[in-house]
Amino acid sequence: MGTRGPVPGFSREQIVTVAVALADAEGLPAVSMRAIAGTLGTGAGSLYRYFPSRDALLDRMADAVIGEIPPFPAAADPIDALLQVARRQLTVYKRHPWLIEAIQHVQSLGPHGLAYFDHCLGALAPIQATTTAKFEAVAMITGVVAMFARPQPAGLSFAGVDLARYPNLAAAIQEASAGAITPPPDVPDLFERTLRSLLSGLLA
């Protein structure tokens, strides 16, 4: 008696590779079983032998690109270790913009995601904080990375605005114009400052 299972000819890794390439080129909405099957030269129904749903495929896609994060660096300070991981994670998110959306729907962690989570918790081991706080800190890293991975908006313009109606804003702009305050930090510095402040507060 035969057993059910994938029909020889493709591997899950091949399907994921095609799906990732499609998402990179056209965005996550373009990823469908039909589109992937067309690239592989097979029928869409056959792919369900490998993945029971599109969500299951998205989980595997997200895990595959998380695996692109370079080997986790070592650092004496736990916060510094997490910041190094976050910067490498940010590079991966920018390489695969669709990951920002996909990660919100991940239902289960794959081996790369589990390794990432395990490393972060290991880095936090010397910190005397609750397990809940540590889990929140790891989740916060992903949230901040996703925020900074999005395209940065252009600077605000107040041309033509009657600032007399907004005295606090007017005073701040006047101080900035006079050089009384320091210019805004660049994005990399802001990224580190944001994460360092959040992590230090959560893990205090």
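These numbers come from a predicted model, not from an experiment.

Novice: Even after reading the chapter, I still don't get the overall build of the chain, so can you show me in this structure?
Specialist: If you tally the helices and strands in the chain, you get 10 helices and zero strands. Across the chain, helices and strands are ordered from the amino to the carboxyl terminus as α-α-α-α-α-α-α-α-α-α. Looking at the 204 residues of the chain, the share that counts as buried comes to 31%. In the chain, the share of contacts with a sequence separation of at least 24, taken over all contacts with a separation of at least 6, comes to 70%. Split by element, the accessible area of the chain, about 12100 Å² in all, is 58% carbon and sulfur.

Novice: I would appreciate a short explanation of the UniProt feature "DNA-binding region" (unreviewed entry) in the chain in the present structure.
Specialist: Using the residue numbers shown here, the UniProt feature "DNA-binding region" (unreviewed entry) corresponds to residues 32–51. The annotated region residues 32–51 carries 60% helix and 0% strand content, and the separation between its end C-alpha atoms amounts to 12 Å.

Novice: Which parts of the structure should I look at to understand the pattern of salt bridges?
Specialist: If charged atoms from side chains of opposite charge come close, those side chains can pair. Within the structure shown, the criterion is met by five salt bridges. Salt-bridge contacts for Arg-60 lead to Glu-13; the nearest nitrogen and oxygen are separated by 2.8 Å. With Arg-60 in helix α4 (residues 54–66) and Glu-13 in helix α1 (residues 12–26), the pair connects residues that are 47 residues apart, well separated along the chain. You can call Arg-60 partly exposed: its relative accessible area is 30%.

Novice: How do you make sense of helix α5 (residues 78–95) when you look at a structure like this?
Specialist: Side chains that are three or four residues apart share a direction in an α-helix, a result of its 3.6 residues per turn. In this model, α5 (18 residues) spans 26 Å end to end at C-alpha, consistent with the 26 Å of a helix rising 1.5 Å per residue. Of all the positions in α5, only Pro-78, Ile-79, Ala-81, Leu-82, Leu-83, Val-85, Ala-86, Gln-89, Leu-90, Val-92 and Tyr-93 are classed as buried. Residue Asp-77 occupies the N-cap position of α5, its side-chain oxygen lying 3.1 Å from the main-chain nitrogen of Ile-79.

Novice: I keep staring at the side chain of His-96 and nothing clicks. Help me out?
Specialist: For His-96, the location among the structural elements is in the loop between α5 and α6 (99–102). Accessibility expressed as a relative area gives 4% for His-96, which makes it buried. Looking at His-96, its side chain comes within polar contact range of the side chain of Asp-24, at 2.7 Å. Those residues in contact with His-96, other than ones at most four positions away along the chain, are Val-20, Asp-24, Val-65 and Glu-68.

Novice: For this particular structure, what's the right way to read the packing of aromatic side chains?
Specialist: Each aromatic ring pair is specified by the distance between its two centres and by the angle formed by the two planes. Taken as a whole and assessed by the stated rule, the structure comprises two aromatic pairs. Between Phe-117 and Phe-135, the ring centres sit 5.2 Å apart and the planes meet at 50 degrees, which makes this aromatic pair tilted. Residue Phe-117 is located in helix α7 (residues 111–123), and its partner Phe-135 is located in helix α8 (residues 131–149); the two are separated by 18 residues in the primary sequence. Residue Phe-117 is classed as partly exposed on the basis of its relative accessible area of 22%. Overall, the relative accessible area of 41% leaves Phe-135 in the partly exposed class. Ring plane angle 75 degrees and centroid distance 5.2 Å describe the contact between Phe-148 and Phe-191, whose orientation is recorded as edge-to-face. With Phe-148 in helix α8 and Phe-191 in helix α10 (residues 187–202), this residue pair connects regions lying 43 residues apart in the sequence.

Novice: I'm lost on the packing of α5 against α8 in this one. Help?
Specialist: To characterise two packed helices, one gives the angle between the axes of the helices and the distance between these axes. Between α5 and α8, the shortest axis-to-axis distance is 9 Å and the interhelical angle comes to 45 degrees. Considering the angle they form, α5 stands oblique to α8. Here α5 runs over α8; the crossing is right-handed. In contact with Leu-82, Ala-86, Gln-89, Leu-90, Tyr-93 and Lys-94 of α5, α8 contributes Ile-141, Thr-142, Val-145, Ala-146, Phe-148 and Ala-149.

Novice: How should I be thinking about the confidence of the model for the chain in this particular structure?
Specialist: Note: predicted coordinates in regions of low pLDDT should not be interpreted at a detailed level. Per-residue confidence for the chain gives a mean pLDDT of 87; residues scoring 70 or more make up 89%. Mean pLDDT across the elements of the chain bottoms out in helix α9 (residues 167–177) (84) and peaks in α1 (96).

Novice: Please clarify how the environment of Arg-88 should be interpreted in this entry.
Specialist: Tracing the sequence through the fold places Arg-88 in helix α5. Assessed through its relative accessible area of 29%, Arg-88 is described here as partly exposed. Placed 57 residues apart in sequence, Arg-88 and Val-145 show a C-alpha to C-alpha distance of 9.7 Å. With residues near it in sequence (within four places) discarded, Arg-88 still touches Ile-69, Pro-70, Pro-71 and Pro-73.

What counts and how
- Residues numbered from 1 in each chain as written.
- Predicted model: local features only at pLDDT ≥ 70, side-chain atom pairs only at ≥ 80, totals over all residues.
- Heavy atoms only, no water.
- Helix = DSSP H or I, 4+ residues; strand = E, 2+ residues; numbered from the N terminus.
- Buried < 20%, exposed > 50% of the residue type's maximum accessible area, 1.4 Å probe, protein only.
- Contact = heavy atoms within 4.5 Å.
- Areas by Shrake-Rupley, 256 points an atom, 1.4 Å probe, with all protein chains shown as cover.
- UniProt positions renumbered as here; feature names shortened; annotations may be inferred.
- Salt bridge = Lys/Arg side-chain N within 4 Å of Asp/Glu carboxyl O.
- Expected span 1.5 Å × (residues − 1).
- Polar contact = N/O pair within 3.5 Å; in protein donor to acceptor, adjacent residues only side chain to side chain.
- Phe/Tyr/Trp six-rings, centres within 6.5 Å; stacked < 30°, edge-to-face > 60°.
- Axes fitted to C-alpha atoms, helices over the stretch in contact; angles between N-to-C directions.
- Parallel < 35°, antiparallel > 145°, perpendicular 65-115°, else oblique.
- Left-handed = near helix turned anticlockwise from the far one by under 90°.
- pLDDT = per-residue confidence, 0-100.

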